[in-house]
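Residue strings, one per chain:
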Amino acid sequence: MGDAKSLFLPDLERAHPVSGRRLRGVRLIHTHLNGEGLNDDDLTDLALLRLDMVVAVSVDANGLPGLAHAAHVLPLNPNGEKWVILEPQLPAQLDTDFLGLIESLEEEIARNQPGRSYRTKDSRALLVSVTTALIYDAEESLEELRQLALTSNVEVVGAFIQRRKEVDPRFLMGRGKMEDLILRSMQLGADILIFDQNLNPSQLRTITDMTDLKVLDRTQLILDIFAQHAHSTDGKIQVELAQLKYLLPRLVTKNTAMSRLTGGIGGRGPGETKLEINRRRANDRIVHLEKLLRDSAQSRKLRRIRRRREGLPIISIVGYTNAGKSTLLNSLTNSHVVAEDKLFATLDTSSRRLRFPREREVIITDTVGFIRELPTELVAAFKATLEELEDADLLLHVADASSPYLEHHIRVVEKTLAELELNAKLRLLILNKTDRLPPETAQNLARTLEGVPICALDRDSLLPLIRRIDSILWPGE
Ligand SMILES: Nc1nc2c(ncn2[C@@H]2O[C@H](COP(=O)(O)OP(=O)(O)OP(=O)(O)O)[C@@H](O)[C@H]2O)c(=O)[nH]1
Ligand SMILES: [Mg+2]
């Protein structure tokens, strides 16, 4: 399999997929012609390829076998040791029960992974953040990533933050760190690495070249949730388009990497279908979907014209995801739009009529939530849904006042509105979930941020808001 200088390893994931096991079921036994023991490359292969064991037999000047050096990885341990190198022995004297050793190792690793269900493949993730940001910010962002993962029905088994002065645009993180990461994921029983930062195509390629774990980034995870939550025809088209456009430049030529993109999480298409990613077909599909969207743009336009003719003022609810937008729409209009403690529960716009005091009526619409670091292409993909916002006479910006990240969320929403060229619209900040705060805190926030405090779950708390909207829409009356 090699010569004096290098070793060629076949594509192990093809021949010996790891699925269901922790170790690969492959032992690498090779010779070292200069009589040296295990080197760094050997140990890297051991970890990255999840080998059961690596053995190097040294050879003396006469071509006779010298000592056999062997190493295997270790289960999660308090000292953070990654592997153990066994006492070197002459091959003829080796009396280790290798199979027994490996089986007990598998068992011990499994014991550290309670609740592992083999029926749901692809369900345990290790979250990774490689960042130049302060640890506090990285943790905030990772916490959100955890919520995203939960929404996507992925179990999170651990998190890994690496702070760097600069992030390398090609490699993201060094080989040594990558090795730690992959070993940790094996010890924790993770099948997926989810990166908090969006990976550019070359970063994704270097990482998938090093491991056969599934690799996703923040945007892919969000797209996966979108794919599960899109219901309307337009919504589904938009999601599939966004998925294809994001994934196409990231398609790695290796077939294995392709299948890693398609199966399970990250490969779910809208409406229970599987996302088909094949470079040539994908391009045709993009053209087709774009045409569909253009066609339905026409009927959306007619609908909007008809609505404007009715002359009712239009109010749109915007805000960070999970802030309580749908709950507010429901309470205001007594309706039953889906509202849940999940990120991106709402993807499709829905409109209701709302009756105001003095026999006045408005149309009020609920929209998809915003989130930090949503790539501009993704925002653009939602243009069709969001174009309704252009008609709005007033934007209600709902924020979760009980979130420790309130002010950050408000900034993200303002920034996204600016990107959508909606920042000239009249806006009213609403501080929701005040039931979770002491009353003075809510009052203080309302004063400093100039917002209206409400609890969207409690209709009685909405009266001041209704009066305020009334006075904005019909000033001086
Ligand atoms: N305690 C409390 N919980 C609230 C309040 N308003 C909403 N919630 C809860 O917050 C969660 C999210 O509410 P949604 O209305 O789905 O939020 P959303 O902004 O529409 O979220 P997405 O559509 O997912 O972006 C739900 O579990 C609601 O029950 C509130 O005033 N107080
Ligand atoms: Mg909603």
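We now turn to the structure provided with this report. Only a predicted model underlies this, so the values are computations on that prediction, with no experimental measurement involved. (Residues numbered from 1 in each chain as written. Chains lettered and ligands numbered in written order. Predicted model: local features only at pLDDT ≥ 70, side-chain atom pairs only at ≥ 80, totals over all residues. Heavy atoms only, no water.)

## Remarks on the coordination of the magnesium ion (ligand 2)
Distances from the magnesium ion (ligand 2) to its protein donors, namely Ser-326 (OG) and Thr-346 (OG1), fall within the range 1.9 to 2.1 Å. Taken together, the residues span a long stretch of sequence, with Ser-326 in helix H11 (residues 325–333) and Thr-346 in the loop between H11 and strand E10 (350–356) at a distance of 20 residues. Since its relative accessible area comes to 7%, Ser-326 is described here as buried. (Donors = N, O, S within 2.8 Å, 3.2 Å for Na, K, Ca; no water. Helix = DSSP H or I, 4+ residues; strand = E, 2+ residues; numbered from the N terminus. Buried < 20%, exposed > 50% of the residue type's maximum accessible area, 1.4 Å probe, protein only.)

## Some points on the site of ligand 1
By nearness alone, 23 residues border ligand 1, and Lys-325, Thr-327, Ala-345, Thr-346 and Asp-435 come closest of all. One nitrogen or oxygen atom from the main chain of Gly-324 is found 2.9 Å from an oxygen atom belonging to ligand 1. Lys-325 has a polar side-chain atom sitting 2.7 Å from an oxygen atom of ligand 1. When ligand 1 sits alone it has 650 Å² of accessible area, and the protein chains cover 91% of it. Sort the elements by how many residues they give to the shell around ligand 1 and H11 lands first, with three residues. (Near = heavy atom within 4 Å. Polar contact = N/O pair within 3.5 Å; in protein donor to acceptor, adjacent residues only side chain to side chain. Areas by Shrake-Rupley, 256 points an atom, 1.4 Å probe, with all protein chains shown as cover.)

## As for the pattern of salt bridges
The tally for this structure, following the rule as stated, stands at 25 salt bridges. Salt-bridge contacts for Asp-180 lead to Lys-82; the nearest nitrogen and oxygen are separated by 2.4 Å. Here Lys-82 lies in the loop between strand E3 (65–73) and strand E4 (83–85) and Asp-180 lies in helix H5 (residues 175–188), a separation of 98 residues in the sequence. Judged by relative accessible area, which is 23%, Asp-180 ranks as partly exposed. A salt bridge links Arg-303 to Glu-388; its shortest N-O distance comes to 3.7 Å. In this pair, Arg-303 sits in helix H10 (residues 279–310) while Glu-388 sits in the loop between helix H13 (383–386) and strand E12 (394–400), placing the two residues 85 residues apart along the sequence. On the accessibility criterion, Arg-303 (43% relative accessible area) is partly exposed. Connected via shared salt-bridge partners are Asp-234, Arg-300, Arg-304, Glu-387, Glu-390 and Asp-391. (Salt bridge = Lys/Arg side-chain N within 4 Å of Asp/Glu carboxyl O.)

## What about the sheet that holds strand E1 (residues 27–32)?
The sheet built from four strands is open, its strands ordered E1-E2-E3-E4 with mixed pairing. In the strand order of this sheet, the two ends are held by E1 and E4, each with one partner. Across the sheet, the mean angle separating the axes of adjacent strands is 20 degrees when strand polarity is ignored. Note that strand E2 (residues 53–59) and E3 share five bridges and pair antiparallel. Residue pairing across strands places Val-55 opposite Ala-70, the latter belonging to E3. (Pairing = 2+ DSSP bridges. Axes fitted to C-alpha atoms, helices over the stretch in contact; angles between N-to-C directions.)

## Let's talk about the packing of helix H7 (residues 218–229) against helix H8 (residues 233–247)
Put simply, H7 and H8 touch, their axes get as near as 10 Å, and they point 155 degrees apart. Relative to H8, H7 is oriented roughly antiparallel. In this structure, H7 meets H8 at a crossing whose hand is left-handed. Contacts between H7 and H8 pair Thr-219, Gln-220, Leu-223, Phe-226 and Ala-227 from the former with Val-239, Ala-242, Gln-243, Tyr-246 and Leu-247 from the latter. The residue inventory of the contact of H7 with H8, partitioned by class, reads seven nonpolar, three polar and no charged. (Parallel < 35°, antiparallel > 145°, perpendicular 65-115°, else oblique. Left-handed = near helix turned anticlockwise from the far one by under 90°. Contact = heavy atoms within 4.5 Å. Nonpolar A, V, L, I, M, F, W, Y, C, P; charged D, E, K, R; others polar.)

## Structural notes on the pairing of E2
Summarising burial for E2: seven of the seven residues are buried, a large majority. Every second residue of E2 is oriented toward a common face, with Met-53, Val-55, Val-57 and Val-59 on one face and Val-54, Ala-56 and Ser-58 on the other, all of them buried. Direction of pairing for E1 relative to E2: parallel, over a ladder of six bridges. Within E2, the position partnered with His-30 by the bridge is Ala-56. For the crossover from E1 across helix H2 (residues 40–48) to E2, the handedness is right-handed. The loop that links E2 with its antiparallel partner E3 comprises five residues; one of these, Gly-63, has a positive phi angle of about 85 degrees. (Right-handed = clockwise from strand over helix to strand, strands pointing away.)

## Here we look at the sheet that holds strand E11 (residues 360–366)
Spatial ordering of the open sheet is given by E10-E11-E9-E12-E13-E14, a layout of six strands whose pairing is mixed. In this open sheet, the two strands that pair with only one neighbour each are E10 and strand E14 (452–453). Pairing analysis gives two bridges linking strand E13 (residues 427–432) to E14, with the strands arranged parallel. Along E14, the bridge assignment pairs Leu-431 with Pro-453.

## Digging into the nonpolar core
Judged by nonpolar contacts, the single largest core of 43 residues is most densely connected at Leu-148, Ile-194, Phe-226, Phe-344, Leu-347 and Phe-382. Taken together, the elements giving at least two residues each to this core come down to strand E5 (124–131), helix H4 (135–151), strand E7 (192–195), H7, H8, helix H12 (376–381) and helix H14 (406–419). When residues of this core are assigned to their parent elements, the largest contribution, six residues, is made by H7. Formed jointly, this core draws a minimum of three residues from each of two domains, domain 2 (124–228) and domain 3 (311–473). Beyond its immediate sequence surroundings of up to four residues, Ile-194 is in contact with Ala-125, Leu-126, Leu-127, Val-128, Leu-145, Leu-216 and Leu-221. (Core = buried A, V, L, I, M, F, W, Y, C linked by side-chain atoms within 4.5 Å. Domains from an automatic or database assignment.)

## Side note on a negative patch on the surface
On the surface, Asp-97, Glu-103, Glu-107 and Glu-108 cluster together to form a negatively charged patch. Here Glu-103 falls in the partly exposed class, since its relative accessible area comes to 46%. (Patch = residues over 30% accessible without salt bridge, like charges linked within 9 Å, V, L, I, M, F, W, Y side chains within 5 Å. Lys, Arg positive; Asp, Glu negative; His and termini not counted. Charge placed at Lys NZ, Arg CZ, Asp CG, Glu CD.)

## As for the packing of aromatic side chains
By the definition in use, this model includes two aromatic pairs. Both rings, one in Phe-226 and one in Phe-344, keep their centres 4.8 Å apart while their planes meet at 85 degrees; by these two values the pair is edge-to-face. Linking Phe-226 in helix H7 with Phe-344 in the loop between H11 and E10, this pair joins segments that are 118 residues apart in sequence. A single burial state applies to Phe-226 and to Phe-344, both of which are buried. The aromatic ring of Tyr-246 is capped on one face by Arg-250, whose charged end is 3.8 Å from the ring centroid. (Phe/Tyr/Trp six-rings, centres within 6.5 Å; stacked < 30°, edge-to-face > 60°. Lys NZ or Arg CZ within 6 Å of the ring centre and 35° of its normal.)

By themselves these figures say nothing about function.
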